[in-house]
Amino acid sequence: MDVGKAALRWRIEPNADADELRDHPAISEAARILREGGLVAFPTETVYGLGADARSEEAVSKIFIAKGRPADNPLIVHIGHVSQLEELVRELPPEGEALIRRFWPGPLTLVLPHKGAVARKVTAGLDTVGVRMPSHPVALALLQVSGLPVAAPSANRSGRPSPTDADHVWEDLGDRIDAILDAGPTGVGVESTVVDVAGSTPMLLRPGGVTLEELRETVGEVRVDPALEGEVQQPRSPGMKYRHYAPAGEMWVVDGSGEELVRRIRRLAEEARRAGRKVGILTTEENRFRYEADLVVPCGRRNDPESVARHLYRALREMDRAGVDYILAETFPATGLFHSVMNRLLKAAGGKVIR
Ligand code: AMP
Ligand code: MG
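The model shown is predicted, which means the values in this text are computed figures rather than measured ones.

## Details of the side chain of Thr 164
Assignment of secondary structure puts Thr 164 in the loop between strand E7 (150–151) and helix H8 (166–173). For Thr 164, the residues in contact, after removing those within four places along its chain, are Thr 46, Val 47, Tyr 48, Gly 184, Pro 185, Thr 186, Gly 189, Tyr 313 and Arg 314.

Listed below in structure tokens is the structure:
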């Protein structure tokens, strides 16, 4: 990695499967860079990841430098075959096995006791490691061709909204990494769900692309890290304590529903604009024409949670591009995929809610 030098950028049509892509020249080049200890950004079904050889202390440290990521925030290890688990983890409890059967490859990370095979910086010194097998064909092909366990956090500068398109990666890291595999916009739009299966009862540490309801359907009881409900200050999942996904402007989530929610946001926006602020409103297609503000960003459709998740980070980045300094976001009922959306919105707002 050569800070200041532009990353190589290869466009890959995403409509091929991993088997076909394994022969793609961009995949072999990217795999070579990873094996030589470099940094490659690649699409996954959730967001773009910034990958490095998870076994190499030196390669992994470049991730922290490029992102400006705090060292106590562990990284998720990505694998291209389930069989790679064996080299990484000490044991796989039956709940873990059941979750893998249903959700891999896919947006689910399992926290398991590790074997010491990955760099210390990956686990931030914990005795567990987070592992996932992504389903995006480009990610799978890259992981399979490299043959490596690849540590990959989201490919954004630390604290910023995660990248759901290669342009977002370019914007944040274009001169700090070796290469970008560009397969256009990602599908899920929020990061993987993180579940700790190392203890006696599975515990949800971060809601994401797989919902709590789906987890419970598969393994029965799943506890929720009290930190997610805002009850304790010290989360079990180290990364969850940092401000994340945040736009530059001051952001507030506005509580309420239906007509009352729209009326409140209209009133708050009017007051803020009178006070001279440049106001952005984060809403949905259903309500977009009901507001007056400097910028109104529709983020999917309220009756389609998947569409909201998919467009969330793009919408937050749009706020930055327009230079709004006061952002009001509509609230969503926190079930299903909206649970994950609300988690990200609250983080982006630094927990600030207007009730
Ligand atoms: P990111 O790579 O930015 O999507 O963030 C990865 C997140 O996964 C971290 O911030 C943690 O919240 C979580 N995580 C990764 N490894 C572990 C682990 N061993 N124990 C608990 N949480 C983990
Ligand atoms: Mg991240």
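So much for the structure itself; the text now carries on.
## Regarding unusual backbone geometry
Looking along the chain, the bond that leaves Trp 104 and enters Pro 105 is cis, with omega of -10 degrees. The topology assignment puts Pro 105 in the loop between helix H5 (94–103) and strand E5 (108–113). Backbone geometry places Ala 124, a non-glycine residue, at a positive phi of 50 degrees. Within the secondary structure, Ala 124 sits in the loop between helix H6 (120–123) and strand E6 (128–132).

## Re the environment of Val 190
Secondary-structure assignment places Val 190 in the loop between strand E8 (179–182) and strand E9 (193–196). When the C-alpha positions of Val 190 and Thr 335 are compared, they lie 15 Å apart, and in sequence the two are 145 residues distant. Apart from the residues within four sequence positions on either side, Val 190 is in contact with Thr 46, Val 47, Gly 208, Gly 209, Ala 309, Leu 312, Tyr 313, Ser 340 and Arg 344.

## With respect to the pattern of salt bridges
Enumeration according to the criterion identifies 31 salt bridges in this entry. The partner of Arg 344 in a salt bridge is Glu 191, and the shortest N-O contact between them spans 2.9 Å. Taken together, the residues Arg 344 in helix H12 (residues 337–348) and Glu 191 in the loop between E8 and E9 connect sequence positions 153 residues apart. Note on Glu 191: relative accessible area 6%, which makes it buried. For Arg 267, the salt bridge identified is with Glu 271, shortest N-O distance 3.8 Å. With Arg 267 and Glu 271 both in helix H10 (residues 258–274) and 4 residues apart, this pair spans about one turn of that helix. Salt bridges linked by common partners bring Arg 160, Glu 171, Asp 172, Arg 317, Asp 320 and Arg 321 together as one network.

## Here's the deal with the sheet that holds strand E2 (residues 40–43)
The sheet built from 11 strands is open, its strands ordered E1-E8-E2-E3-E7-E4-E6-E5-E9-E10-E11 with mixed pairing. What marks the edges here is a single partner per strand, and that holds for strand E1 (8–11) and strand E11 (223–224). Here strand E4 (residues 76–78) runs beside E7; their pairing, made up of 2 bridges, is antiparallel. Its bridge partner lying in E7, Val 77 is registered against Ala 151. The sheet contacts of helix H3 (residues 57–67) involve strand E3 (48–53) and E7, and relative to E3 the element is tilted by about 145 degrees. H8 rests against E1, E2, E3 and E8 of the sheet, and its axis sits at about 165 degrees to E8.

Cut-off values and rules
- All residue numbers here refer to positions counted from 1 along the written sequence of the relevant chain.
- Key to labels: chains lettered from A, ligands numbered from 1, both in the order written.
- It should be noted that, the model being predicted, local features are given only for residues of pLDDT at least 70 and side-chain atom pairs only at 80 or more, the latter also being counted only at that level, while totals for whole chains, interfaces and linings use all residues.
- With hydrogens and water excluded, all non-hydrogen atoms of the structure serve as input to the side-chain values.
- Numbering goes from the N terminus for both helices and strands, where a helix is a DSSP run of H or I of at least four residues and a strand is a run of E of at least two.
- The contact criterion used is simple: two residues touch if any of their non-hydrogen atoms lie within 4.5 Å.
- Whenever Lys or Arg places a side-chain nitrogen within 4 Å of a carboxyl oxygen from Asp or Glu, that contact is recorded as a salt bridge.
- Relative accessible area decides the class of each residue, using a 1.4 Å probe on protein chains only: under 20% of the type maximum gives buried, over 50% gives exposed, and in between gives partly exposed.
- When DSSP locates at least two bridges between a pair of strands, those strands are taken to pair.
- The angle between two axes is taken between their N-to-C directions and runs from 0 to 180 degrees, where each axis is a line fitted to C-alpha atoms and a helix contributes only its stretch in contact.

So yeah, pure geometry; function would need other evidence.
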